[in-house]
Amino acid sequence: MKAIRRFTVRPVLPDPLQPLSGLARNLRWSWHTETRELFQAVDPGSRRAADSDPVRLLGAVSAGRLAELAQDQQFLHRLAEVSAALQEYLDGPRWYQEQLAQGAELPAAVAYFSPEFGVTAALPQYSGGLGILAGDHLKAASDLGVPLVGVGLLYRHGYFRQSLSRDGWQQEHYPLLDPNELPLTLVREADGTPSRVVLALPGGRSLHACIWQAQVGRVPLLLLDSDVEENAPGERDVTDRLYGGGSEHRLLQEMLLGIGGVRAVRTYCRLTGHAAPEVFHTNEGHAGFLGLERIRELSGTGLDFDSSVEAVRAGTVFTTHTPVPAGIDRFDRELIARHFGDDGELPGVGVERILQLGMETYPGGEPTLFNMAVMGLRLAQRANGVSTLHGAVSRKMFAGLWPGFDAAEVPITSVTNGVHAPTWVAPEIFGLRARYGGTPGRWDAAAGIPDREIWDLRRTLREQLVTEVRTRLAASWRTRGAEPAELGWIDGVLDPDVLTIGFARRVPSYKRLTLMLRDRDRLMQLLLHPTRPIQIVVAGKAHPADDSGKRLVQELVRFSDDPRVRHRIVFLPDYGMAMAQKLYPGCDVWLNNPLRPLEACGTSGMKAALNGCLNLSVLDGWWDEWFEPDFGWAIPTADGSAMDEDRRDELEANALYELIEERVAPRFYDRGDDGLPGRWVEMVRRTVSTLGPKVLAGRMVREYVERLYAPAALAHRSLDAATARELADWKARVRAAWPRVTVDHVEAVAPSTVGGSAELGAMLGLRVRIALGALEPDDVEVQAVAGRVDAADSISDAQFFPLKSGGGQDLEGRWLYEGPLALDRTGPYGYTVRVLPAHPLLATSAELGLVALPTEATGDGAGLLMR
């Protein structure tokens, strides 16, 4: 019989064991070894203990065992030590507090919004890299003491669980998650009633949500849940699953995340006294509506719409994670219009004003679509990509928002992602490093570890992976319908002494899951080589609606089912955090072969590197930035050519096979007299000690604080109501006057030249006459832009030289600007002049997207040949 209602019966902990509840409810246990070991000691034989899920463990342990532990003095002593360590972690000053003590001007708090958070497998609210990155961001912020508040949605079915049919086709399952069985606490009002946020929907309907809180170390994570009794069935399902449903379903999710998320933050701060955020960080466009809610808040204080936009922009940071337009959420303008205005959210604010923030009203855009990333950029004064290469790709992709500027000047910077080492590094590696003087801040300790110990540990971790793979593979085959008598061969799958390559990630087409299958005979030769064999462990999920991705999974599974190679290549279904934490340490090589430059960052290779795994990757994302031969190998690519995709795959697959056959495998199997692969071990050592510090999430969060959060907080503080009005009025005045701003004449006082050439080191004097229309010189800056030129006279590697006002207006009302131009480069050289808006509260001179340039007939020519 099926129960008509489900609820959770919580255990009553004896008084001496009460601290266990607090330890279980703070997700620091997910990256704190001593806390995990303590919970494993609660019920050593329990699978829940082994899976590191303390809340479920405490709900399942017997009363007799609890009574026994309450009398166990050794256990109580350990419990007291771990509890005291957590309290010290929560209360003591950390890096952020040290910066404040030294006089740094930092935000009182930061609100960090993301559609998914991968904190632990026990809280399955993530699908892939975006969520894992968000979880690592919260953990690193906690470790550093950054006063962050995370905001997301609680998906009652999470992301899907993956299994395989007998013929290898992906199957999706959506188990129901009970928040009462998760490490969550319901946010309540002072009278004990659950707190609510409410959104207005068309037709007089409402969307209600409660707020669950997960505690991630020092950082509260607020998760909104629409499965409440006040909602009609359709509204209850808004937070049913991650990345599910049609356009309206996604829109409602994103409205709840952004608008409801701000209201949840206000509720949390009101109830707890937490400092109100001065900076709002929008992690990808899904949360972009948070800017509209903050505009509504400010409009209620008397600020007009434009002034509110300026105040909101000053304190907002936007991070884009996608390198392709297809990866961005876009909605039909009519769908947006229906959900806002007087019959929906933000009554009193004209729908057209809201639409202007997200419509693709730029060359190459689709003017009927509302683009969430475009809104995110228009409502954030500071924006970034997630690797140096991705920053460059993003500047090109969004260049239409800043017409007249070269892509290099588009105001999108980059902060390269990082990963949270305590979450992803095997405890055995931390233990080995600690024995040789390593600390959480010292990765160079690997230099003193003997080769033998490194190599023995690598084999131990590989052996653990082999055991894990066999267990998971057997479970997968049972799900596929196999009988136990058919599965004896699994005991021979993988070999702890064979070079092990890992490949695990989401399965969109650009990541090329099946590139390794391009030449199957050649792959078989590598897998079955008599003296230098390889073995490959593969995992990954295709989106439920992506049949092409599912076909890739099936193709890989069918190959791995072949009795000739199934002991050397395996596909593990249901890739997630728990599997990843076993996979990264046990692999020798981490493979990544996306279509360059479509990998925004690709943090899985970072996690592998921290475990001493070498990367074998296309130069994309973070690997393009930090690759060195000491850390692994770069797969040659053909991304700069005009060849078709099939030919490109063929060339890059052949390059991959050659690298493995001629360089990777020989180095792994090339043993010295001591039986050790000395050159391989040295690469492991260099990866951990030199690359390791670069890929840490702590480095990433410090960069966010110093380069984005702190400037955003200062800008926020500078824009009180009066200043916001002044800035909005100034921008409106500049935009209205800009069509009459022109560069009328450029005159060069050239150095001595011979046949159009000048000598290196000479100075070129410029005199420029500018028409400003209704603007004043204080409203603009005038620059000379110079650099090498190509055959089409396009300037590259530009330098910018400010020109100064040379006095008042001439008889024609033009303003004189002048200044020197240093000729400091050889070869074909050119210059031009431009006029830009200037105001002390602009983050960059490109912020308004306005620039005035000379016409071709202006001035006396710009080309010079340097010698």
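All of these numbers come straight from a predicted model, not from anything done at the bench.

This paragraph deals with the overall build of the protein chain. Helix and strand counts for the protein chain come out as 28 helices and 28 strands. The principal-axis extent of the C-alpha atoms belonging to the protein chain is close to 95 × 70 × 50 Å. Among the 867 residues that make up the protein chain, the fraction classed as buried is 57%. Of the contacts formed within the protein chain by residues at least 6 apart in sequence, a portion of 72% connects residues at least 24 apart. Taking the average location of the 93 positive side-chain charges in the protein chain and that of its 112 negative ones, the two points are 4 Å from each other.

On to the packing of aromatic side chains, then. By the definition in use, this model includes 17 aromatic pairs. Ring pairing ties together the aromatic residues Trp455, Trp633, Phe668, Tyr669 and Trp680, which thus form one cluster. Over the aromatic face of Tyr174 sits the side chain of Arg241, whose NZ or CZ is 3.6 Å from the ring centroid. Here the guanidinium or amino end of Lys541 rests over the ring plane of Phe160, the centre of that ring lying 4.9 Å away.

With an omega of 5 degrees, the peptide bond running from Arg596 to Pro597 counts as cis. Mapped onto the elements, Pro597 comes out in the loop between strand S18 (589-592) and helix H23 (604-610). Positive phi values are uncommon outside glycine, yet Leu494 reaches one of about 65 degrees. If you trace the backbone, Leu494 turns up in the loop between helix H19 (451-479) and strand S15 (499-504). With a relative accessible area of 3%, Leu494 lands in the buried category. Backbone geometry at Asp574 places phi at a positive 65 degrees, although glycine is not the residue there. Looking at the element boundaries, Asp574 is found in the loop between strand S17 (569-572) and helix H22 (577-586). By relative accessible area, which is 16% here, Asp574 ends up buried.

What the six strands build is an open sheet, ordered S17-S16-S15-S18-S19-S20; its pairing is parallel. With partners counted over all chains shown, the strands left at the sheet margins are S17 and strand S20 (632-635), one partner each. Within this sheet the neighbouring strands show an average axis-to-axis angle of 20 degrees, counted without direction. Here four bridges tie strand S16 (residues 534-539) to S17, and the two strands are oriented parallel to one another. Across the sheet, residue Val538 finds its bridge partner in S17, namely Phe571.

A separate point is the confidence of the model for the protein chain. Taken residue by residue, the protein chain gives an average pLDDT of 93. The fraction at 70 or more is 95%. For residues 860-867, every residue scores under 50 in pLDDT, and the model assigns this stretch 35 contacts once sequence neighbours within four places are set aside.

A separate point is the packing of helix H11 (residues 290-299) against helix H12 (residues 305-314). Packing of H11 against H12 brings their axes to within 9 Å, and their N-to-C directions diverge by 125 degrees. With respect to their mutual orientation, H11 and H12 come out oblique. Between H11 and H12 lies a crossing of right-handed hand. Residues Gly291, Arg294, Ile295, Leu298 and Ser299 of H11 pack against Phe305, Ser308, Val309, Ala311 and Val312 of H12. Its residues assigned to classes, the contact of H11 with H12 comprises six nonpolar, three polar and one charged.

Viewed as axis vectors pointing N to C, helix H18 (residues 427-435) and H19 meet at an angle of 165 degrees, and their least axial separation amounts to 11 Å. Taken together, the axis directions place H18 and H19 in an arrangement best described as roughly antiparallel. Relative to H19, H18 is oriented so that their crossing is right-handed. Every residue of H19 that contacts H18 at Glu428, Ile429, Leu432 and Arg435 is listed here: Glu453, Leu457, Leu461 and Gln464. Looking at the contact of H18 with H19, its residues break down into four nonpolar, one polar and three charged.

Okay, the pattern of salt bridges next. Here the structure, examined in full by the defined rule, presents 58 salt bridges. Asp670 serves as the salt-bridge partner of Arg679, at 3.8 Å between the closest nitrogen and oxygen. Of the residues examined, Asp670 reaches a relative accessible area of 42% and is grouped as partly exposed. By sharing partners, the salt bridges in this structure join Arg156, Asp225, Asp227 and Arg236 into a single network.

Moving on, we get to the state of the cysteines. A complete count under the given rule lists zero disulfides for this structure. Lacking any disulfide linkage, Cys269 is separated from the closest cysteine sulfur, that of Cys210, by 18 Å. In this structure Cys601 is not part of a disulfide, and its nearest cysteine sulfur, from Cys613, lies 16 Å away.

This part covers the nonpolar core. In terms of nonpolar packing, the biggest core is built from 104 residues, with Leu499, Met516, Ile536, Leu616, Trp633 and Trp680 touching the most fellow members. Sequence-distant contacts of Leu499, defined by excluding residues within four places in its chain, comprise Pro533, Ile534, Gln535, Asp588, Val589, Val664, Ala665, Phe668, Tyr669 and Trp680. Listed in part, the 55 residues of the second largest apolar core include Ile211, Leu242, Met375 and Leu379.

The next point concerns the side chain of Asp178. Structurally, the position occupied by Asp178 is in the loop between strand S4 (170-173) and strand S5 (185-186). According to the relative accessible area criterion, Asp178 is buried, its value standing at 9%. A distance of 2.9 Å separates the side chain of Asp178 from the backbone nitrogen of Asn180, its partner in a polar contact.

A few words now on helix H25 (residues 645-669). Counted at 1.5 Å a residue, the expected span for H25 with its 25 residues is 36 Å, and the 34 Å between its end C-alpha atoms agrees. Its side-chain oxygen placed 3.0 Å from the backbone nitrogen of Asp646, Asp644 serves as the N-cap of H25.

Mapped onto the fold, His420 is located in the loop between strand S14 (413-414) and helix H17 (421-424). In this structure His420 comes out as buried when scored by relative accessible area, which is 3%. At a separation of 2.7 Å, a polar atom in the side chain of His420 contacts the side chain of Thr423. Among all residues touching His420, those that are not within four sequence positions of it are Trp31, Asp136, Lys139, Ala140, Asp143 and Ala697.

Before going further, it helps to spend a moment on the pairing of S17. Every second residue of S17 is oriented toward a common face, with Ile569 and Phe571 on one face and Val570 and Leu572 on the other, all of them buried. Where the polypeptide runs from S16 across helix H21 (residues 547-560) and back to S17, its parallel neighbour, the crossover connection is right-handed.

Moving on, we get to the environment of Tyr362. As for its position among the elements, Tyr362 is in the loop between helix H14 (351-358) and strand S12 (369-371). Take Tyr362: its relative accessible area is 18%, and that puts it in the buried class. Sequence-wise, Tyr362 and Ala732 are 370 residues apart; in three dimensions their C-alpha atoms are separated by 19 Å. Those residues in contact with Tyr362 that sit more than four places away from it in its chain are Asn371, Val374, Arg378, Gly400 and Leu401.

We now examine the environment of Gln97. By the secondary structure assignment, Gln97 is in helix H7 (residues 95-101). For Gln97 and Val146, which are 49 residues apart along the polypeptide, the C-alpha to C-alpha distance reads 8.1 Å. Gln97 has contacts with Leu144, Gly145 and Arg218, leaving out every residue within four places of it along the chain.

Procedures and definitions
- Every chain is numbered independently, its residues counted from 1 as its sequence is written.
- Local features are withheld for residues below a pLDDT of 70 in this predicted model, meaning they are given only at 70 or higher, and side-chain atom pairs are given and counted only at 80 or more; totals for whole chains, interfaces and linings count all residues.
- Excluded from the side-chain calculations are hydrogens and water; all other atoms, namely the structure's heavy atoms, are used.
- Labels follow the DSSP assignment, with helices taken as runs of H or I lasting at least four residues and strands as runs of E lasting at least two, numbered in each case from the N terminus.
- To sort residues, take the accessible area from a 1.4 Å probe on protein chains only and compare it with the maximum for the residue type: under 20% means buried, over 50% means exposed, and anything in between is partly exposed.
- Whether two residues are in contact is decided by their heavy atoms, any of which lying within 4.5 Å being enough.
- For the purpose of charge, His is not counted, nor are the chain termini; Lys and Arg are scored as positive and Asp and Glu as negative.
- Taken as the charge location is NZ of Lys, CZ of Arg, CG of Asp or CD of Glu.
- For this analysis, a ring pair means two rings from Phe, Tyr or Trp (six-membered ring only for Trp) whose centres lie within 6.5 Å, classed as stacked if their planes differ by under 30 degrees, edge-to-face if by over 60, and tilted for the remaining angles.
- Lysine and arginine charges are scored as sitting over a ring when NZ or CZ, respectively, is within 6 Å of the ring centre and within 35 degrees of the ring normal.
- Strands are labelled as partners when DSSP assigns at least two bridges between them.
- Working convention: axes come from line fits to C-alpha atoms, limited for helices to the stretch in contact. Angles between N-to-C directions cover 0 to 180 degrees.
- The predictor rates its confidence in each residue with pLDDT, a number between 0 and 100.
- In what follows, roughly perpendicular refers to angles from 65 to 115 degrees, roughly parallel to angles under 35, roughly antiparallel to angles over 145, and oblique to any angle outside these ranges.
- Helix crossings fall into two classes, left-handed where the near helix is turned counterclockwise from the far one by less than a right angle and right-handed where it is turned clockwise.
- Ten residues, namely Ala, Val, Leu, Ile, Met, Phe, Trp, Tyr, Cys and Pro, are considered nonpolar, four, namely Asp, Glu, Lys and Arg, are considered charged, and the remaining ones, Gly among them, are considered polar.
- In the sections that follow, a salt bridge refers to a side-chain nitrogen of Lys or Arg positioned within 4 Å of a carboxyl oxygen of Asp or Glu.
- Whenever a pair of cysteine sulfur atoms sits within 2.5 Å, that pair is classed as a disulfide.
- We call a set of buried residues a nonpolar core when its members are Ala, Val, Leu, Ile, Met, Phe, Trp, Tyr or Cys and they connect through side-chain atoms within 4.5 Å of each other.
- Contacts described as polar in this section are N or O atom pairs within 3.5 Å, which, within protein, must combine one atom able to donate a hydrogen with one able to accept it, while residues neighboring in sequence count only if both atoms come from side chains.
- How far a helix is expected to stretch is found by multiplying one less than its residue total by 1.5 Å.
- A crossover counts as right-handed when, viewed with the strands pointing away from the observer, the path leading from the first strand over the helix to the second turns clockwise.

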